[in-house]
Amino acid sequence: MPLTFKHHQLSNGLDIIAEANPDSHSIAVGMFVNTGARDEEVNINGVSHFLEHMMFKGSEKYTWEDVNRIFDEMGARYNAFTSQEMTAYYANVLPEFTGKAVEHLAQLLRPAIRESDFNTERNVILEEIAMYLDDPGHRLYEVAMAEYFGSHPLAMSVLGSADSIKALRRDQMAEYFARRYGPGNMVVVASGQVDFDAFVGQVEKHCGHWPRVTAPRQFPQPQHRTRRKVLTDPRLNRLYVMGFTPGPSAQDDRRFAAQVLSDVIGDAEGSRFYWALVDNAICEDADFGFYPHDRCGSYYLSLVCDPDRGERAIGIALGELEKVKRDLGDDEVERAKNKIASAIVLQGEVPLGRMRAIGGQWIYNREYRSLEQDMQVLRSITPDSLRKLIRDFPFEPMTIVSLGPGDQKMGATGDTA
C-alpha cells in the first residue's frame, strides 16, 4: 500500500503531521521546536541545549527516574538533539505504545525546571563543555563558525561557554522556554504505522491546552570575507583545518545539487579529496560537505594531517575546488547520485529516519516531501546543473581556520587556543 501524508492543526496552532506506512511494524513520534542557539541572546547562550537536559529531569507529574523508567517500559528507542536552528525530542516504539509515547513526550516538553535540578545539571553541562574543549575538532569547529559568521546569529555556540552557563539563572531559562516552546513554533511528527485520527486525538488530549507562542526568528544576511586564522596548542601533534564558504540555504532548491557536488568533491571514499589527499597519505581525513541553514547555507572543508603537510594539504584542497570548475565529469556525478539515492532509500525504510527527515523539512519550509519527490529531484541533477551551481557559489570568499601544535607557517593571524 502507498504511503500517505496527513496534516492537522489544533485550535492552539499546534501542527501535527504524519507519513503513514501500513507495512511498517513500528512508529516514530517526535516533537520538533523551531529554536536553537541562533535564537539565543548572548547572555543566555547555551540555554537551548541546557533545556534539552532539563526536559529529561521531569515534569510536575514525573521525576527524572520516571522519565527513563517509562520509556524503558515501552521498550522505546528515544533521544533528543539540539542544533543551531532546532531542537527535537523523539521516541521509536511499537504501535501499541503510540498513545503512551505521545503522553510521555508531552510531559517531557513541559519540564518543571526545578531549581535543584537546574543547579545539578549546570555542573553536567560544564563537564560536557570541558570534554568538548578537549576535542580539537570540536574546538576548531566552534572557532571557525564564529570567524565565518561573525556577528550573524549562526556564530552562536550550541553548548554555550563556561561563562554563559555559569551566569545563567533558572528564571532566565524558564522565560526562554515560555517564549519559544509551544504551538506556533513547533510540530508533532509521526512516521510508520500511524492511525492518524487516533494520533491527532492523543496529541490534542495531551497538548491541546498548551498556550500558543509567537517566536519570530531574525534573518540578517551574513557578511563573509576571505580570512585565514591560525590557532596553536602545544599539546597537539596533528593539524586540524576547517574552512567555510557560502552555499544554498535550506529553502533553496539548489540544495539538492549542493549535496551531489559535495559528495563528488569530498565524500569519505572515492571523492576528489579522497584520491588527492587521503589515498596519497597527505591527510588522514579530508572532507567536503554542505550545511543548508535557515535562509542561508555554507559548504565546509575539513582536513586532519601532519603539521608539516598543512600548507600543502590546504593548497591541494583549494586546487581541487578550482579544478572541479573546469573538469567535472559525468561519471563522478552519476556515482555521487547513486550513493545519495541509496542513503535516502535506506534512511526512508526506517520510521525513525523518515520522522527526522519529515520533521526537519517542516521546521524549515512547512512542507512535506515524499521519498519519490526527493528521488525525482536527485535523478534530474546533471553535470550542467552542478556547473551552474558552481558559478552561483564559486567557493569564495572562504574563511579557513587551523589548529595545530604551533609550528605552522601559513602567513595568517595567530592565536593560542
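Nothing here was measured: the structure is a model prediction, and the numbers come from that model.

Rules used in this analysis
- Residues numbered from 1 in each chain as written.
- Predicted model: local features only at pLDDT ≥ 70, side-chain atom pairs only at ≥ 80, totals over all residues.
- Heavy atoms only, no water.
- Salt bridge = Lys/Arg side-chain N within 4 Å of Asp/Glu carboxyl O.
- Helix = DSSP H or I, 4+ residues; strand = E, 2+ residues; numbered from the N terminus.
- Buried < 20%, exposed > 50% of the residue type's maximum accessible area, 1.4 Å probe, protein only.
- Domains from an automatic or database assignment.
- Buried area = accessible area lost by both parts, 1.4 Å probe.
- Pairing = 2+ DSSP bridges.
- Axes fitted to C-alpha atoms, helices over the stretch in contact; angles between N-to-C directions.
- Phe/Tyr/Trp six-rings, centres within 6.5 Å; stacked < 30°, edge-to-face > 60°.

Trainee: Can you break down the pattern of salt bridges residue by residue, with the values?
Mentor: Oppositely charged side chains can pair when the atoms bearing their charge come close. One pass over the full model with this rule turns up 37 salt bridges. Close ionic contact of Glu-103 with Lys-61 constitutes a salt bridge, the shortest N to O distance being 3.4 Å. Taken together, the residues span a long stretch of sequence, with Glu-103 in helix α3 (residues 98-108) and Lys-61 in the loop between α1 (47-55) and α2 (64-74) at a distance of 42 residues. For the salt bridge of Asp-117 with Arg-114, the shortest nitrogen-to-oxygen distance reads 3.3 Å. For Asp-117, a relative accessible area of 13% translates into the label buried.

Trainee: Outline the domain arrangement of the protein, listing residues and values.
Mentor: Split by domain assignment, the protein resolves into domain 1 (4-207) and domain 2 (227-416). Interface area, domain 1 with domain 2, both sides summed: about 3,200 Å², of which 71% is carbon and sulfur. The largest per-residue losses of area from domain 1 upon contact with domain 2 belong to Leu-140, Glu-147 and Tyr-148, which jointly make up 20% of the total buried on that side. Applying the counting criterion to the domain 1 and domain 2 interface returns five salt bridges.

Trainee: Tell me about the sheet that holds strand β2 (residues 15-20), and name the residues and values.
Mentor: Ordered by their spatial adjacency, six strands build an open sheet running β1-β2-β6-β3-β5-β4, and the pairing between neighbours is mixed. Every other strand in the sheet has two partners, leaving β1 (4-9) and β4 (77-82) as the edge strands with one partner each. When the angles between neighbouring strand axes are averaged without regard to direction, this sheet yields 15°. As judged from the six bridges shared by β4 and strand β5 (residues 87-93), these two strands associate in the antiparallel manner. Bridge assignment links Ala-80 to a residue of β5, and that residue is Tyr-89.

Trainee: How would you summarise the packing of aromatic side chains if you had to cite specific residues and measurements?
Mentor: Enumeration over the complete set of coordinates arrives at 20 aromatic pairs. Here Phe-5 and Trp-362 contribute two aromatic rings whose centre-to-centre distance is 6.3 Å and whose plane-to-plane angle is 40°, an arrangement assigned as tilted. With Phe-5 in strand β1 and Trp-362 in helix α13 (residues 351-365), the pair connects residues that are 357 residues apart, well separated along the chain. Phe-5 gets classed as partly exposed once you look at its relative accessible area, which sits at 27%. According to the relative accessible area criterion, Trp-362 is buried, its value standing at 7%.

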